[in-house]
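Residue-level structural notes
Each chain, letter by letter, is given below.
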Protein chains: 4
Amino acid sequence: MSPRPARVLRGRAGDDPATALREHLIATARDLLAQRAVSTLTTRQLARAARVSDGVLYNHFADKHDLLVTALVRDYAERAGGFPATLPEAGSGNVEENLCECARAVRRVVGDVLPTAAGLVSEPALLHRFLRALHSDPLGPGLLIDPLVEHLTAEQHLGRLGPGDPRPAATLLFGAMVLLTAGELLDPGAARADDTRDTDDHVRSVVRTLLHGLAPGRDPSASS
Amino acid sequence: MSPRPARVLRGRAGDDPATALREHLIATARDLLAQRAVSTLTTRQLARAARVSDGVLYNHFADKHDLLVTALVRDYAERAGGFPATLPEAGSGNVEENLCECARAVRRVVGDVLPTAAGLVSEPALLHRFLRALHSDPLGPGLLIDPLVEHLTAEQHLGRLGPGDPRPAATLLFGAMVLLTAGELLDPGAARADDTRDTDDHVRSVVRTLLHGLAPGRDPSASS
Amino acid sequence: MSPRPARVLRGRAGDDPATALREHLIATARDLLAQRAVSTLTTRQLARAARVSDGVLYNHFADKHDLLVTALVRDYAERAGGFPATLPEAGSGNVEENLCECARAVRRVVGDVLPTAAGLVSEPALLHRFLRALHSDPLGPGLLIDPLVEHLTAEQHLGRLGPGDPRPAATLLFGAMVLLTAGELLDPGAARADDTRDTDDHVRSVVRTLLHGLAPGRDPSASS
Amino acid sequence: MSPRPARVLRGRAGDDPATALREHLIATARDLLAQRAVSTLTTRQLARAARVSDGVLYNHFADKHDLLVTALVRDYAERAGGFPATLPEAGSGNVEENLCECARAVRRVVGDVLPTAAGLVSEPALLHRFLRALHSDPLGPGLLIDPLVEHLTAEQHLGRLGPGDPRPAATLLFGAMVLLTAGELLDPGAARADDTRDTDDHVRSVVRTLLHGLAPGRDPSASS
DNA sequence: TATGAATGAGTTTTCATTCAT
DNA sequence: CATGAATGAAAACTCATTCAT
């Protein structure tokens, strides 16, 4: 009485067969999205990669964009949703080290999310649908910045950071990490064996600069 | 019996007609690139816009990508090449105001360059060729960061900024501007009438935070 | 352990469920055929409209065409079958008025049947099957003409029409009505508010011409 | 300096190469339209039949419908445009024979035009574009009826036909011919060796009936 | 060397039909 | 028998590239 399952799902059990293939398609799309840019993905490639016939897509999604946006949102939600948990506890250890750990967390999530996000820029229709989907989800545009701001605020309340609006500070830290990530993405040739070490030095110096500021008359060596 | 010049160039004199048409195509491509995304640009549109026949392109460039990359590089070179001149003179006026002006200059150039650059992500082949072209040109990847670093170094020598590596500071400032710009590009709906003012407030607060740092025990109100 | 009846027929009793669903599909197809053209009807639309699963069709009909032809024949049979009863009684009232009423009856049935029939032309396979089905049914091609011929014959026997073969007369009347109907179908824009009146004037003048003939030496005004 | 000609046109000379392929496509479409119904024609079939690549169509026409409508109009124009010339001269020979000749002319043109026209019914979009094209051409919807009306009028002025509106008479004659034609088109099996003879008898009896009318008190034998 | 029509592989999407359940 | 998802062969249309002139 149930319809025939897709060949590719033969042998699996326990799933709701109605949603199993839908999920399979989303998963396949995410896989491909991690390799190629959105706009280079064809429905044919998708079907081939999912080991499924050309038409299935349209049994589960309104059109190609519908599947793509769904996969994109799912991807973003999972990657960005885990971000807050990767931030260190405010008050623990030492402030600078904490900030470095924050910066590394940002770098990780940006590394995950940036390639896909950048690919969206050239597909205005897709971008629009993606942003609408994000806004109607609990995933707001502040999903990544806000936890950082909260961390800084918490450290302020603990007296471990000075007063002042933490949001520009978060922007500075976040932006610097975006830049480092983008640089590496654009120029993979620069990635060397000692890459991690170098990168971490970058992170640390950025954090220190942010902590002590550029203005003269302060002794940054005090906390190093 | 010299070869027939393209119709669109009839009447011009003095130029080498061969390079004239090449330049004309590059200029047209740049014009279109400022309007549409790279991936949506067809050779036909290009030919029509250049008032030239569909095939000429292949007499002057290896293929469509070759023309596009050339136009992209040219565009980047001009926009980014003009950037240093838009930075204020170190030592003039007041340091904070100078930094704000630097930040605004960064925002302008990023606003010019980011949309096109982001569009490249979805065309991996193009992106690769673009990056190779950039590296073989004098236009290194530091084209935008280095002038900023120099400005900061100059202010340090004048004693108007504290000691320390100016490069992470430049990264922080630059990254924050990228973030602001990207936010506006992605969410044009957030652009309001008071947009300029808001944005400038953002810029100023970012600069102040960068100047005074996050560490406690410093009175940021002193210099505001 | 009798087979499960289709959801849409649950609760009905007394019918043979096998033929009930068959009839339900035919009825649904007729409904849709009255709205859309044959060639635009998909099996999916049919199944949805019948509130039945996509595959049932193939349990009761050889294929889509089989169902469609069956529905088409059924439709034609009912519309054309009702036609004789809509003709006026020979001998009643006045001959001209009776002929007008015949003409109107023809127009009605043609209006019902022509759109569907014309739509068949673009589906040669369907058309062929349809015609074969018609011929094997008691529904011959004379189904519409013959009753008209009989009416004329009856009026002849009553001495209210002159002698001569009534079949060409029926052809003339029928053909004129087909023309009027086709004209309106092809050019719906010509339909005005006073449409009914105009059309009826057309019908009347056609009937009068048919009654009195074109040959000279006859005073058509005598019977007007 | 001229672009490369289509392979299929190699060797021909004298034509304007720009319009040669356009005409070739129209001609091919007309050929196919004479065999298959409009809606069953695919762009692929068209290209194959024209011995031309799949895409050429779009170099000369906005889309498939554009080509089809153009072919349809061209076809109609040529077939229907020649119709008036095939009518006999009013006043020549004998009236009845003249009317029979008119009827035969109508039958010919209807036989040419009806199959194609009927196929249009199931393609509302195409039908609409076709009708619009017809109306903007000198080819009005009266193109076929009007010459017939004029013939009758001329015969009236010569005193060879009685008075009265000739238009309903034209409608009757035309409609009867449409019916005869449609019957033969729908039921090609009825076409026999003696077909022409039979058909001609039909035509003659229809014309006589039209001439003498149905009303009693007239002696139709007088003119037979 | 400029022209611009011809080429044909490639794109997204539809849909009649099948078939495991 | 009913179910309805899977199938895959089209469909219309696009576009980078070629090439006779």
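The structure contained in this document is the topic of the report that follows.

**Regarding the overall build of chain A**
Check the secondary structure of chain A and you find nine helices and zero strands. Burial status across chain A gives 46% buried among its 224 residues. Contacts in chain A between residues far apart in sequence, at least 24 positions, make up 66% of those at least 6 positions apart. Surface summary for chain A: the accessible area is close to 11200 Å², and the carbon and sulfur share equals 53%.

**Topic: the packing of helix α5 (residues 95-120) of chain D against helix α8 (residues 166-186) of chain D**
Pairs of packed helices are described in terms of their axes, by the angle between the two and the distance that separates them. All names here are of chain D. Running from amino to carboxyl end, α5 crosses α8 at an angle of 50°, the nearest separation of the two axes being 9 Å. What the angle tells us is that α5 and α8 run oblique. Crossing of α5 against α8: the hand is right-handed. Contacts between α5 and α8 involve Leu-99, Ala-103, Val-106, Arg-107, Val-110, Gly-111, Leu-114 and Pro-115 from the former and Leu-173, Phe-174, Met-177, Val-178, Leu-180, Thr-181, Ala-182, Glu-184 and Leu-185 from the latter. Residues of the contact of α5 with α8, tallied by class, amount to 13 nonpolar, two polar and two charged.

**Observations concerning the packing of aromatic side chains**
All names here are of chain A. Applying the stated criterion across every chain yields a total of four aromatic pairs over all chains. Ring geometry for Tyr-76 versus Phe-130: centroids 6.2 Å apart, planes at 80°, classification edge-to-face. Highlighted residues: Tyr-76 in helix α4 (residues 64-81) and Phe-130 in helix α6 (residues 124-136), separated in sequence by 54 residues. For the pair shown, Tyr-76 and Phe-130 are each scored as buried.

**Notes on the relation of the copies chain C and chain D**
Under the fitted operation, chain C is carried onto chain D by 0.2 Å of movement along the axis and a turn of 177°, and the coordinates agree to an RMSD of 0.7 Å. Seen this way, the second copy is the image of the first under a two-fold rotation axis. Among all residues of chain C, the minimum C-alpha distance to the rotation axis is found for Gly213(C), at 1.5 Å. Looking at the interface residues of chain C, 93% of them are also at the interface in chain D, so both copies use one shared face.

**Some remarks on the nonpolar core**
With 132 residues, the main nonpolar core has Phe174(C), Tyr76(D) and Phe174(D) as its most contacted residues. Sequence-distant contacts of Phe174(D), that is, excluding residues within four places in its chain, are made with Leu179(C), Val106(D), Val110(D), Leu144(D), Ile145(D) and Leu148(D). Counting residues in hydrophobic clusters, the runner-up holds 130 residues, among them Leu126(A), Val207(A), Ile26(B) and Val178(B).

**Notes on the interface of chain B and chain A**
The interface of chain B with chain A comprises 43 residues on the first partner and 43 residues on the second. Together, the buried faces of chain B and chain A total about 3400 Å²; carbon and sulfur atoms form 73% of this surface. Viewed at the interface, chain A and chain B are joined by eight residue pairs in polar contact (both at pLDDT 80 or more). Looking at which element gives the most residues to the side of chain B that touches chain A, the answer is helix α8 (residues 166-186) of chain B, with eleven residues.

**Structural notes on the pattern of salt bridges**
All names here are of chain C. Scanning all chains against the criterion turns up 72 salt bridges over all chains. Note that Arg-107 is salt-bridged to Glu-184, the shortest N-O span being 3.1 Å. Placement of the pair is Arg-107 in helix α5 (residues 95-120) and Glu-184 in helix α8 (residues 166-186), with a sequence separation of 77 residues. With relative accessibility at 16%, the residue Arg-107 sits in the buried group. Take Glu-184: its relative accessible area is 31%, and that puts it in the partly exposed class. One salt bridge in this structure joins Arg-160 and Glu-155, with 2.8 Å as the shortest N-O distance. Note on Arg-160: relative accessible area 18%, which makes it buried. What makes Glu-155 buried here is its relative accessible area of 1%.

**Some thoughts on the interface of chain C and chain D**
Counting residues at the interface gives 44 residues for chain C and 42 residues for chain D. For the chain C and chain D pair, buried surface summed over both sides reaches about 3500 Å², with 73% attributable to carbon and sulfur atoms. For the interface between chain C and chain D, the tally reads zero salt bridges. Taken together, the elements giving at least two residues each to the side of chain C that touches chain D come down to α5, α6 (124-136), α7 (145-157), α8 and α9 (195-212) of chain C.

What counts as what
- Residues numbered from 1 in each chain as written.
- Chains lettered and ligands numbered in written order.
- Predicted model: local features only at pLDDT ≥ 70, side-chain atom pairs only at ≥ 80, totals over all residues.
- Heavy atoms only, no water.
- Helix = DSSP H or I, 4+ residues; strand = E, 2+ residues; numbered from the N terminus.
- Buried < 20%, exposed > 50% of the residue type's maximum accessible area, 1.4 Å probe, protein only.
- Contact = heavy atoms within 4.5 Å.
- Areas by Shrake-Rupley, 256 points an atom, 1.4 Å probe, with all protein chains shown as cover.
- Axes fitted to C-alpha atoms, helices over the stretch in contact; angles between N-to-C directions.
- Parallel < 35°, antiparallel > 145°, perpendicular 65-115°, else oblique.
- Left-handed = near helix turned anticlockwise from the far one by under 90°.
- Nonpolar A, V, L, I, M, F, W, Y, C, P; charged D, E, K, R; others polar.
- Phe/Tyr/Trp six-rings, centres within 6.5 Å; stacked < 30°, edge-to-face > 60°.
- Least-squares fit on C-alpha atoms with pLDDT ≥ 70 in both.
- Core = buried A, V, L, I, M, F, W, Y, C linked by side-chain atoms within 4.5 Å.
- Buried area = accessible area lost by both parts, 1.4 Å probe.
- Polar contact = N/O pair within 3.5 Å; in protein donor to acceptor, adjacent residues only side chain to side chain.
- Salt bridge = Lys/Arg side-chain N within 4 Å of Asp/Glu carboxyl O.

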